Number of protein chains: 2
Amino acid sequence: MADYRKMWEELGMDLETHDQLCEVLPQAFGDVYLSQENRPESMDYYNMVVADIHGIRPAELVAAQKTGTKVFGTFCVYVPDEVIVASGAIATGLCGGSQFWVPGGEKVLPTNTCPLIKASVGARLDATCPFFRIADMYIGETTCDGKKKAWEILGEDVPIHVMDLPQMKRAKDIKAWEDEILTLKDVVEKETGNTVTFESLKDSIELINNKRRALERLYNLRKNENVPISGRDVLLISQIAFYDDPGRFTQMTNKLCDELEKRVQDGVSVCQSGDKRIMITGTPMAVPNWKLHQIIETTGGIVVCEETCTGTRYFEHLVDENSNTFEGQVEALAERYMNINCACFTPNEGRIEDILRLAKEYKVDGIIDVNLKFCNLYDTEGYLVERGMREANIPVLGIETDYTDSDASQLRTRIGAFMEMLR
Amino acid sequence: MADYRKMWEELGMDLETHDQLCEVLPQAFGDVYLSQENRPESMDYYNMVVADIHGIRPAELVAAQKTGTKVFGTFCVYVPDEVIVASGAIATGLCGGSQFWVPGGEKVLPTNTCPLIKASVGARLDATCPFFRIADMYIGETTCDGKKKAWEILGEDVPIHVMDLPQMKRAKDIKAWEDEILTLKDVVEKETGNTVTFESLKDSIELINNKRRALERLYNLRKNENVPISGRDVLLISQIAFYDDPGRFTQMTNKLCDELEKRVQDGVSVCQSGDKRIMITGTPMAVPNWKLHQIIETTGGIVVCEETCTGTRYFEHLVDENSNTFEGQVEALAERYMNINCACFTPNEGRIEDILRLAKEYKVDGIIDVNLKFCNLYDTEGYLVERGMREANIPVLGIETDYTDSDASQLRTRIGAFMEMLR
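Residues numbered from 1 in each chain as written. Chains lettered and ligands numbered in written order. Predicted model: local features only at pLDDT ≥ 70, side-chain atom pairs only at ≥ 80, totals over all residues. Heavy atoms only, no water.

Taking an unreviewed UniProt entry as the reference, chain A is identified by name as 2-hydroxyacyl-CoA dehydratase family protein belonging to Aequitasia blattaphilus. The UniProt entry for chain A carries the following comment under Cofactor (unreviewed entry): "[4Fe-4S] cluster". UniProt, in the comment section headed Sequence similarities (unreviewed entry), describes chain A in these words: "Belongs to the FldB/FldC dehydratase alpha/beta subunit family." (UniProt positions renumbered as here; feature names shortened; annotations may be inferred.)

Below, the structure written as structure tokens:
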């Protein structure tokens with residue numbers, strides 16, 4: 001493993017505290033990932049990326065910055081990477097997925113805030129994540145009360161531009177999102193000194209669409225009766241998708257899919273007969289949050305789909321590539337992104353329809369609807385989701401959890417009982 | 001006291017459960033209000049209104065409905081009563097302020113939802129509040145995650161129209177709110193069968209402005225060194241302002257102000273020398289939530305100002321009455337309402353400026369920043385508010401509470417210590 005301490009130091013990181021994080025991650029990764037049997041060989045790439053998660057990619061970003069490239073940090077699947085990339089900049093997801101960062105966030109945020117937000121703020125303010133240090137500018141959005149207000153506090157420490165996501169999906173709201181995308185364009189142009197052109201946007205739309213296509217290909221392979229890859233592995237890949245170089249990520253994921261297709265042909269499966277096919281719905285799982293997948297896949301289940309922001313909400317729907325004008329491209333972007341069904345919208349019936357459709361496509365035996373503690377949006381909508389599933393006779397288990405391990409054994413018991421019920 | 005049981009029955013209320021509420025309210029009101037010494041005589045009107053809170057005004061609303069008048073229930077100071085009144089309908093505030101209704105809300109909403117929302121949903125679904133039964137239609141808004149999602153569940157039980165409040169205050173956002181106001185106009189016109197005209201809107205703007213003027217007059221009287229009215233009493237008046245007939249309310253409040261002006265002239269004060277002048281900032285206090293005022297005013301404090309939705313945010317800023325066109329009126333409405341500084345906006349620096357200004361105007365000795373449990377917006381902003389006050393050398397105490405009495409003695413201790421510190 002290369003020594004990245006000098007880079008971390010130059011990034012103004014708190015090395016001592018960061019060392020503590022570096023000490024625990026390999027163990028956690030080993031327990032959840034390397035312990036799996038029969039993993040696809042092409043997972044080697046993702047293993048490497050995660051093994052040096054605070055080294056390899058940060059070093060690439062720092063190298064790019066030295067040649068004048070700007071890096072934008074994002075926190076939400078509604079923020080269009082295409083616009084950032086089209087300005088010659090790099091977009092990197094910044095959501096924090098470890099309890100390690102939560103206390104840092106709680107210094108300035110209410111305890112009753114979801115762990116993802118607390119961890120993200122803590123990772124920045126405690127200077128214990130290189131990605132949070134590297135980003136020249138953050139792009140926030142108004143998707144929930146917690147994030148909306150957290151930007152005000154984060155904004156005192158790092159430049160941040162906030163996009164105002166509409167709360168409904170009427171025609172005028174899609175227009176309003178178009179306008180927000182145009183404002184983002186102005187912001188990234190100003191920050192990078194580059195112009196977003198029809199050509200550069202055309203290229204970036206294709207680039208990001210190709211990433212979506214690769215993820216869709218990967219997800220489609222999970223629809224097979226012989227599931228060729230574990231849910232844990234796909235979750236890891238989805239998490240990496242947020243911060244890896246998009247071109248390389250697409251290439252590596254397609255390479256993996258080649259191997260998985262061979263597996264399907266050969267009847268190779270990662271699960272045992274009798275394993276229950278589980279879909280997870282609800283809140284996102286930022287890296288290194290692997291808790292729920294790990295529990296499910298060690299209690300007789302296999303996760304075959306995630307209807308989350310680190311799942312289908314990230315890659316479903318392509319941006320129309322056939323626009324002949326810049327205005328048409330921006331319109332296509334707005335339409336694609338406003339097609340995502342997040343609980344931040346009211347109403348959000350489309351999400352129930354999505355889940356019913358996915359349950360059928362992935363032939364799921366049961367659904368685990370997970371809520372990150374204090375996410376009021378998904379928690380409230382969970383009432384409607386669970387009711388909708390019961391009406392459709394799809395077994396569903398509602399779970400609330402956070403980043404700590406304190407509820408792991410209780411979750412194991414509840415999920416184990418749910419698996420039994422599915423038999 | 002008149003017998004309203006027949007009316008309640010016809011409203012489809014759960015009489016048995018409602019009886020339990022009716023049994024406890026008089027005691028609570030007696031303890032907090034009637035125990036006060038030296039109250040203004042003109043408080044008799046408000047005493048009467050509250051003593052028969054589920055009788056007198058509901059009976060008026062039912063009588064109005066029998067002559068074809070529609071009643072709209074609202075939950076937020078951003079919803080413009082003017083538009084509703086201009087359609088010949090009645091607007092009535094519906095926010096629930098009692099723990100009594102909370103368990104009913106928790107049947108369908110997450111426990112981690114603020115008590116105001118849970119109580120409001122519970123009051124409707126449990127059929128234990130006549131106002132919630134009477135309203136022909138509810139007008140919701142997207143001011144917070146909790147309410148935004150609660151409308152979806154409430155909307156299955158009662159017709160509801162949701163106004164999408166922008167999350168920022170740029171010029172285009174004020175335009176967007178204008179558009180939402182126009183949509184509200186269409187909705188109330190359809191529901192009432194009446195047209196909102198320039199003339200009817202002119203009248204309603206004056207009517208509601210006059211209510212604001214009366215409240216401002218009342219609040220201004222509290223700026224005197226000899227405070228002529230308790231904070232509890234003003235809170236009660238503010239709460240009643242949300243559902244009383246606006247014309248009568250204005251008249252009675254001006255009558256009270258006449259008496260209070262006399263008191264000021266005569267040097268009559270409700271507080272003892274040494275009482276500390278306290279401003280409350282933060283979340284609203286819906287009727288019958290009198291908890292914090294009661295504690296403050298029985299531990300050596302007098303509440304002289306509330307920077308809350310049941311305080312200055314309700315009445316400050318008038319709608320411009322000089323518009324010559326309907327479009328101008330709607331623009332004036334949008335501008336006035338978007339002038340309110342709620343924590344739902346990002347950023348919301350205007351609110352800190354408001355608090356600093358009010359602290360000076362009302363010559364406050366200290367600020368108690370109160371947050372209704374699980375209100376992430378005011379809780380997060382509280383960090384900035386408290387910091388801002390410390391920077392201005394204004395003593396501030398941050399408190400989080402709900403509708404239960406379980407924290408009353410702890411609050412009493414903390415607030416008592418704060419009062420001591422102010423000496």
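Continuing now.
Asker: How should I be thinking about the pairing of strand β7 (residues 366-372) of chain A in this particular structure?
Answerer: Residue and element names in this part refer to chain A. The element β7 is largely enclosed, with a buried count of seven among its seven residues. Burial of the side chains of β7 extends over both faces: Gly 366, Ile 368, Val 370 and Leu 372 are buried on one face and Ile 367, Asp 369 and Asn 371 on the other. Where strand β5 (residues 276-282) and β7 come together, five bridges link them in parallel fashion. Residue Met 279 lies in a different strand from β7, and its bridge partner there is Ile 367. In the classification by handedness, the crossover that spans β7, the intervening helix α18 (residues 376-391) and the parallel strand β8 (residues 396-401) is right-handed. (Buried < 20%, exposed > 50% of the residue type's maximum accessible area, 1.4 Å probe, protein only. Helix = DSSP H or I, 4+ residues; strand = E, 2+ residues; numbered from the N terminus. Pairing = 2+ DSSP bridges. Right-handed = clockwise from strand over helix to strand, strands pointing away.)

Asker: Teacher, can you tell me more about the sheet that holds strand β2 (residues 90-93) of chain B here?
Answerer: Backbone-to-backbone hydrogen bonds join strands into a sheet, with any given pair of strands oriented parallel or antiparallel. Residues and elements named next belong to chain B. The parallel open sheet is built from four strands, whose spatial order is β2-β1-β3-β4. Of all the strands in the sheet, just β2 and β4 (160-163) have a single pairing partner and so form its edges. Taken over all neighbouring pairs, the strand axes of this sheet differ in orientation by 25° on average, direction set aside. Looking at chain direction, strand β1 (residues 71-74) and strand β3 (residues 137-141) are connected through three bridges and run parallel. Along β3, the bridge assignment pairs Gly 73 with Tyr 138. (Axes fitted to C-alpha atoms, helices over the stretch in contact; angles between N-to-C directions.)

Asker: Can you walk me through the sheet that holds strand β1 (residues 71-74) of chain A in this structure?
Answerer: Residues and elements named next belong to chain A. Strands sit in the order β2-β1-β3-β4 across an open sheet of four strands; the sheet is parallel. Across the chains shown, the open sheet's two edge strands, defined by having one partner strand only, are β2 (90-93) and β4 (160-163). Here the strands of the sheet are splayed against their neighbours by 25° on average, with no regard to which way each runs. Lying on the sheet, helix α9 (residues 145-154) is in contact with β3 (137-141) and β4; it crosses β3 at an angle near 155°. Lying on the sheet, helix α10 (residues 171-192) is in contact with β1, β3 and β4; it crosses β4 at an angle near 165°. (Contact = heavy atoms within 4.5 Å.)

Asker: What is the right way to look at the relation of the copies chain A and chain B in this model?
Answerer: Superposing the two chain copies requires a rotation about an axis and a translation along that axis. Least-squares fitting of chain A to chain B yields an RMSD of 0.0 Å, with the superposition described by an axial translation of 0.0 Å and a rotation of 180°. Both chain copies can therefore be described as sitting about a two-fold axis. Of every C-alpha in chain A, the one belonging to Asp145(A) sits nearest the axis of rotation, 3.1 Å from it. Of the residues that chain A buries at the interface, 100% are likewise interface residues in chain B, meaning the two copies contact each other through the same surface. (Least-squares fit on C-alpha atoms with pLDDT ≥ 70 in both.)

Asker: I keep staring at the pattern of salt bridges and nothing clicks. Help me out?
Answerer: A pair can form between side chains of opposite charge whenever their charged atoms are brought close. For the coordinates displayed, the defined rule picks out 82 salt bridges over all chains. The residue Lys291(A) makes a salt bridge to Asp407(A) at a minimum N-O spacing of 2.6 Å. Residue Lys291(A) is located in helix α14 (residues 291-296), and its partner Asp407(A) is located in the loop between β8 and α19 (408-422); the two are separated by 116 residues in the primary sequence. Judged by relative accessible area, which is 12%, Asp407(A) ranks as buried. One salt bridge connects Lys175(B) with Glu178(B), and the closest N-O pair in it is separated by 3.2 Å. Of the two residues, Lys175(B) and Glu178(B) are both situated in helix α10 (residues 171-192); the distance of three residues between them amounts to about one turn of the helix. A residue is classified by how much of its surface remains accessible, and Glu178(B), at 12% relative accessible area, is buried. (Salt bridge = Lys/Arg side-chain N within 4 Å of Asp/Glu carboxyl O.)

Asker: Is there a simple way to think about the state of the cysteines in this case?
Answerer: Each disulfide consists of one covalent bond between the sulfur atoms belonging to two cysteines. Residue and element names in this part refer to chain A. Within this structure, the stated rule accounts for zero disulfides over all chains. The structure places no disulfide on Cys 309, whose sulfur is separated from the nearest cysteine sulfur, that of Cys 342, by 5.6 Å. By relative accessible area, Cys 309 is classed as buried at 13%. (Disulfide = S-S within 2.5 Å.)

Asker: What is the right way to read the interface of chain A and chain B from this model?
Answerer: When the parts of a complex come together, some accessible area is lost, and that lost area is often used as the size of the interface. On the side of chain B, 45 residues touch chain A, which itself brings 45 residues to the contact. A combined buried area of about 3,500 Å² lies between chain A and chain B, and 48% of that area is made up of carbon and sulfur atoms. On inspection of chain A and its partner chain B, the count reaches 12 salt bridges. In this structure, Arg387(A) engages Glu156(B) in a salt bridge whose closest nitrogen and oxygen atoms are separated by 2.5 Å. Counting across the chain A and chain B interface gives 28 residue pairs in polar contact (both at pLDDT 80 or more). Elements with a minimum of two residues in the side of chain A that touches chain B: α9, β4, α10 and α18 of chain A. The biggest single contributor to the side of chain A that touches chain B is α18(A), with eight residues. Class assignment for the residues of the side of chain A that touches chain B results in 17 nonpolar, 11 polar and 17 charged. (Buried area = accessible area lost by both parts, 1.4 Å probe. Polar contact = N/O pair within 3.5 Å; in protein donor to acceptor, adjacent residues only side chain to side chain. Nonpolar A, V, L, I, M, F, W, Y, C, P; charged D, E, K, R; others polar.)

Asker: How do you make sense of helix α12 (residues 231-241) of chain B when you look at a structure like this?
Answerer: Among the 11 residues in α12(B), 11 count as buried, and that is most of the element. All buried positions along α12(B) are accounted for by Gly231(B), Arg232(B), Asp233(B), Val234(B), Leu235(B), Leu236(B), Ile237(B), Ser238(B), Gln239(B), Ile240(B) and Ala241(B).

Asker: Help me understand the nonpolar core, please; the structure alone is not making it clear to me.
Answerer: Nonpolar side chains in soluble globular proteins tend to be buried together. Within the largest apolar cluster, 288 residues are counted, with the highest numbers of intra-cluster contacts made by Tyr46(A), Leu292(A), Ile415(A), Tyr46(B) and Leu292(B). Discounting residues that sit within four places of it in the chain, Leu292(A) has contacts with Ile280(A), Met285(A), Ile368(A), Val370(A), Ile399(A), Leu411(A) and Ile415(A). (Core = buried A, V, L, I, M, F, W, Y, C linked by side-chain atoms within 4.5 Å.)

Asker: Just to check I follow, could you spell out the packing of aromatic side chains for this structure?
Answerer: When we look at a pair of aromatic rings, we describe it by the centre distance and by the angle of the planes. Taken as a whole and assessed by the stated rule, the structure comprises 31 aromatic pairs over all chains. Taking 6.1 Å as the distance between ring centres and 55° as the angle between the ring planes, the aromatic pair formed by Phe75(B) and Phe132(B) counts as tilted. Of the two residues, Phe75(B) sits in the loop between β1 and α5 (81-86) while Phe132(B) sits in helix α8 (residues 130-134), which places them 57 residues apart along the sequence. The rings of Phe75(A), Phe132(A), Tyr138(A) and Trp151(A) are connected pair by pair, giving a single aromatic cluster. In this structure, Lys169(A) packs its charged tip against the face of Phe345(A), placed 4.5 Å from the ring centre. The ring of Tyr219(A) has Arg222(A) lying over it, and the distance from NZ or CZ to the ring centre is 4.7 Å. (Phe/Tyr/Trp six-rings, centres within 6.5 Å; stacked < 30°, edge-to-face > 60°. Lys NZ or Arg CZ within 6 Å of the ring centre and 35° of its normal.)

Asker: How should I be thinking about the environment of Lys190(B) in this particular structure?
Answerer: Among the structural elements, Lys190(B) can be located in helix α10. Considered as a pair, Lys190(B) and Ser87(B) are 103 residues apart in the sequence and their alpha carbons are 9.6 Å apart.

Asker: Would you explain unusual backbone geometry in this entry?
Answerer: Backbone phi values are negative for most residues with the exception of glycine, while trans is the configuration of most peptide bonds. The peptide bond linking Val287(A) to Pro288(A) adopts the cis configuration, its omega dihedral lying at 5°. Within the secondary structure, Pro288(A) sits in the loop between β5 and α14. Within the chain, His317(B) stands out as a residue other than glycine whose phi angle is a positive 70°. The residue His317(B) is located in the loop between α15 (312-315) and α16 (326-337) in this model.

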